[in-house]
Amino acid sequence: MPRSARHPAGRAEPLPRTAPRRRPLRALGALAALAAAAAAVTGCASAGEPVGAGRTAPASAPSRLWPQATPAPSPSGPQHDGETAEKVPGVAPVPSGDIHKLDAYALVKAEVAANRRATGADALDDATAAKLASSCSAARQPKSCPMRKPVYSDLTGDGRDDLIVGIEMEDHFLSLRAYTLVNGEPTRVLSTVAQPSSIEVAGRDLIVWEPWTTPHYALRSVYTWNAQTRYMDFRRYEIRRAENPASSGTQRDGKGRS
C-alpha cells in the first residue's frame, strides 16, 4: 500500500493514521473497586484465611401468632415509624429477668396511660384506650378487651423470652408492640401499626403479612432485633404471592411455644 495519495494539485496528502488503542479504564476501575471491597471484608486476615462473621442465630420455621384472629380485609400499605427503646414508667423492675413474672396487661395499660398524647405508632384512638383501661386485666379478658392474649418469644437472642402484644383498634388496625427487660427494667422495643392478615415469629424476626391491592399478593414486613440500637428495627418489606403465608409454620399457644 502506498503511504500517501496524490492531491489533484500534485501534492502528496498523508493518509490518516490508525488511532492508538486505549486500555479498558472502566474494567480496571471495576476490578480495583472489587479488590478494595474484598480487602475491607477480609480485614487483616491473611490470604485464604477464613474470617468469622460472628454468632449465627439458629434457623427456625415461622410460627404464627394469634391464628384465630380475623384477617384485615383491606391493604394499609407500609406504616413504619422510626423508634427507639423506651422504658415503661410506673412498672416495678424484675430483678430475676423473667418477663413472665410481669403482669402483661398492667404493663401495656401503664405504657398507654403514659403516652396518651402520643402520635404515630404510639397512639391509640380514644375508644380503644378506654376499653383497654376498663376491660383488660390478667384476671379477666372479656370480648370488649381489645388486647390479644400475650405471646412470649426470644426476640433479642439472649436466651430469655420477650413479650409480644397486639391491641385491636378501629378499622381493623392493630397496634403491635414488643417488650424486653433491660437490667430488669420493662422496656418497649417495638411499636408499629398494621392491618395484618397474619403475624409470625421466625427466629429473631417478627414478620407481618398485610393484604395488598393486587389479588393473591401480600405485603410482608420484617422486624429484626438490632443489638447496637437495642430495638426491633424495621428491616425490609416486599410484595409476595400470598398462597398461604403461615402454612409452613406451626401454631403457637399463648406462651409462644409450638
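Now for a description of the structure that goes with this document. (Residues numbered from 1 in each chain as written. Predicted model: local features only at pLDDT ≥ 70, side-chain atom pairs only at ≥ 80, totals over all residues. Heavy atoms only, no water.)

1. Some remarks on the overall build of the chain
This is how the line gets drawn: In this description a helix means any DSSP run of H or I spanning at least four residues, a strand means any run of E spanning at least two, and both kinds are numbered starting from the N terminus. Partly exposed residues are those whose accessible area sits between 20% and 50% of the maximum for their type, while under 20% is buried and over 50% is exposed, using a 1.4 Å probe and protein chains only. Between two residues, a contact is recorded if the distance between any of their heavy atoms is within 4.5 Å.
Scanning the chain from N- to C-terminus turns up three helices and twelve strands. Here the chain holds 258 residues, and the buried ones make up 38% of them. Within the chain, contacts between residues at least 6 apart in sequence are counted, and of these 54% link residues at least 24 apart.

2. Let's talk about the environment of Thr-84
By the element assignment, Thr-84 lies in the loop between strand E3 (63-65) and strand E4 (86-87). Along the sequence, Thr-84 and Leu-190 sit 106 residues apart, while their C-alpha atoms lie 8.0 Å from each other. Residue contacts for Thr-84: discarding those within four places in its chain leaves Arg-188 and Tyr-231.

3. Examining the state of the cysteines
The condition is simple: The disulfide criterion is simple: two cysteine sulfur atoms within 2.5 Å.
On inspection of all chains with the given rule, the structure shows one disulfide. Covalent S-S linkage joins Cys-136 and Cys-145, the inter-sulfur distance amounting to 2.0 Å. Because the sign of the S-S torsion sets the handedness, a value of about 115° for the bond joining Cys-136 and Cys-145 places this disulfide among the right-handed ones. Among the residues examined, Cys-136 registers a relative accessible area of 2% and is labelled buried. Looking at Cys-145, the relative accessible area reads 9%, which means it is buried.

4. Remarks on the packing of aromatic side chains
Rule in force here: Stacked, edge-to-face and tilted labels apply to pairs of Phe, Tyr and Trp rings (six-membered ring for Trp) whose centres lie within 6.5 Å, assigned for plane angles under 30 degrees, over 60, and everything in between, in that order.
Overall, the coordinates contain two aromatic pairs when judged by the stated rule. Here the aromatic residues Tyr-223, Phe-234 and Tyr-237 are joined through ring pairs into a cluster of three or more.

5. Looking at the pairing of strand E7 (residues 174-182)
This is how the line gets drawn: Note on pairing: DSSP must find at least two bridges between two strands before they are called paired.
E7 sits mainly inside the fold: eight of its nine residues count as buried. Pairing analysis gives six bridges linking strand E6 (residues 162-168) to E7, with the strands arranged antiparallel. Directly across from Glu-168, in E7, lies its bridge partner Leu-174. Between E6 and the antiparallel strand that follows it, E7, lie five residues; Asp-171 among them carries a positive phi value of about 60°. Where E7 lies against strand E8 (residues 185-194), nine bridges are found, and the strand directions are antiparallel. Paired with Leu-176 across the bridge in E8 is Thr-192. The hairpin turn running from E7 into E8, its antiparallel successor, is two residues long, and Asn-183 in that turn takes a positive phi close to 55°.

6. Here we look at the packing of helix H2 (residues 104-114) against helix H3 (residues 126-135)
Convention followed: For helices, the axis comes from a line fit to the C-alpha atoms of the stretch in contact; other axes are also lines fit to C-alpha atoms, and the angle between any two N-to-C directions lies between 0 and 180 degrees. Throughout this description, any angle smaller than 35 degrees is read as roughly parallel, any larger than 145 degrees as roughly antiparallel, any in the 65 to 115 degree range as roughly perpendicular, and the remainder as oblique. Handedness of a helix crossing follows the sense of rotation of the near helix relative to the far helix, less than a right angle counterclockwise being left-handed and clockwise being right-handed. Throughout this entry, Asp, Glu, Lys and Arg are counted as charged residues, while Ala, Val, Leu, Ile, Met, Phe, Trp, Tyr, Cys and Pro are counted as nonpolar. The remaining residues, Gly among them, count as polar.
The interhelical angle for the contact between H2 and H3, taken along N-to-C directions, is 140°, at an axis separation of 10 Å. What the angle tells us is that H2 and H3 run oblique. Between H2 and H3 lies a crossing whose hand is left-handed. Along the contact surface, H2 presents Val-108, Lys-109 and Val-112, while H3 presents Ala-129, Leu-132 and Ala-133. Considering only residue class, the contact of H2 with H3 consists of five nonpolar, no polar and one charged.

7. What about unusual backbone geometry?
Negative phi is the rule for most residues except glycine; trans is the rule for most peptide bonds. Phi is positive for Asp-171, close to 60°, though the residue is something other than glycine. Along the polypeptide, Asp-171 turns up in the loop between E6 and E7. Overall, Asp-171 belongs to the exposed group, its relative accessible area being 58%. Non-glycine residue Arg-230 carries a positive phi angle of around 55°. Mapped onto the elements of the fold, Arg-230 is located in the loop between strand E11 (217-226) and strand E12 (231-241).

8. Thoughts on the sheet that holds strand E10 (residues 205-211)
Strand order in the open sheet formed by five strands is E3-E9-E10-E11-E12, and the pairing between neighbours is antiparallel. Edge strands, defined here as strands with exactly one partner in the open sheet, are E3 and E12. Ignoring strand direction, the axes of neighbouring strands in this sheet form an average angle of 25°. With three bridges joining them, E3 and strand E9 (residues 198-202) adopt antiparallel strand pairing.

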